[in-house]
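Fold and contact review
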Amino acid sequence: MDSRELLKSRLAYVRRDLDEAVSRLTDEDMGWAPAEGMRTIGGQLHEIAATELQDIALFRGETTRFDEIAKGAKRGTLAEYKELLAATRGELIALIDSLSEADLAKPLQVDPRWFESFGNSEVPLAEAIRSVAMHEWYHTAQLVSYLWAKGDNPYDWGKEGAANAQSG
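So, a few notes on the structure that sits alongside this text. What you see is a predicted model, and the numbers here were worked out from it, not measured in a lab. (Residues numbered from 1 in each chain as written. Predicted model: local features only at pLDDT ≥ 70, side-chain atom pairs only at ≥ 80, totals over all residues. Heavy atoms only, no water.)

Once that is clear, we can look at the nonpolar core. Membership of the largest hydrophobic core comes to 24 residues, with the highest contact counts inside it found for Leu 18, Leu 25, Leu 45 and Leu 143. Mapped onto this core, the elements with two or more residues apiece are α1 (3–22), α2 (41–59), α3 (66–72), α4 (78–98) and α6 (125–149). Filtering out sequence-adjacent residues up to four positions away, Leu 25 remains in contact with Ile 41, Leu 45, Leu 78 and Leu 147. Formed by 21 residues, the second largest nonpolar core is a distinct cluster that contains Val 14, Leu 92, Leu 108 and Leu 125. (Core = buried A, V, L, I, M, F, W, Y, C linked by side-chain atoms within 4.5 Å. Buried < 20%, exposed > 50% of the residue type's maximum accessible area, 1.4 Å probe, protein only. Helix = DSSP H or I, 4+ residues; strand = E, 2+ residues; numbered from the N terminus. Contact = heavy atoms within 4.5 Å.)

So, about the environment of Glu 116. Mapped onto the fold, Glu 116 is located in the loop between β1 (107–109) and β2 (122–124). For Glu 116, a relative accessible area of 0% puts it in the buried group. Sequence-wise, Glu 116 and Ile 41 are 75 residues apart; in three dimensions their C-alpha atoms are separated by 23 Å. Leave out the neighbours within four places in its chain, and Glu 116 touches Thr 51, Asp 55, Val 123 and Ser 131.

Here we come to the pattern of salt bridges. Across all of its chains, the model carries 16 salt bridges by this definition. In this structure, the salt-bridge partner of Asp 103 is Lys 106, at a minimum N-O distance of 3.4 Å. Judged by its relative accessible area of 22%, Asp 103 falls in the partly exposed class. Across the salt bridge formed by Arg 113 and Asp 111, the nearest N and O atoms sit 2.7 Å from each other. We classify Arg 113 as exposed; its relative accessible area is 74%. The class of Asp 111 is partly exposed, set by a relative accessible area of 33%. Bridged by salt links that share partners, the residues Arg 15, Glu 52, Arg 89 and Glu 136 form one connected network. (Salt bridge = Lys/Arg side-chain N within 4 Å of Asp/Glu carboxyl O.)

Inspection of every chain in the model, using the stated rule, returns three aromatic pairs. Relative to Tyr 146, the ring of Trp 32 has its centre 5.9 Å away and its plane inclined at 80 degrees; by these criteria the two rings are edge-to-face. Remark: Tyr 146 occurs in helix α6 and Trp 32 occurs in the loop between α1 and α2; sequence separation between them is 114 residues. For Lys 150, the ring lying beneath its charged end belongs to Trp 32, and the centroid distance is 4.7 Å. (Phe/Tyr/Trp six-rings, centres within 6.5 Å; stacked < 30°, edge-to-face > 60°. Lys NZ or Arg CZ within 6 Å of the ring centre and 35° of its normal.)

This part takes up the side chain of Glu 52. The topology assignment puts Glu 52 in helix α2. For Glu 52, a relative accessible area of 2% gives the class buried. Engagement of the side chain of Glu 52 in a polar contact is seen with the side chain of Arg 15, the distance being 3.5 Å. Beyond its immediate chain neighbours, meaning those up to four positions away, Glu 52 contacts Arg 15, Thr 88, Arg 89, Leu 92, Val 132 and Glu 136. (Polar contact = N/O pair within 3.5 Å; in protein donor to acceptor, adjacent residues only side chain to side chain.)

Written out as structure tokens, the structure is:
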């Protein structure tokens, strides 16, 4: 298995977790946060999508303003965020498919303050792409915690499907 397949597998694995959490949300949840001053559920989805779009621009070497990308990723409804997340991931997968192993090993110049850089001024492109999954998983875990705070126990999620299969 080459690096492209590993990257796509990692991204798909993480996306399954996000999709599971998102499947439990409604439009009414979008403005909810566990406490004053915390990012809302809609804000978490925006953070995931906007950062991935910003990362794609960086990976392509585009010199665009990241704040403009973030503003352009703002959505209102859950369905709109689902659509944006799917489109953004499709864009990243297409980018990965267009790269060679040599491309993935090339150093990417980054700001050492960027969390994906691990404090370095350059990282291999493949490592920067892996950070997309790391970032998404971080915010997915926050969403799971938010759902749990609302009374939706993630330990029951798999049991629901099993109970439905047994009763059906």
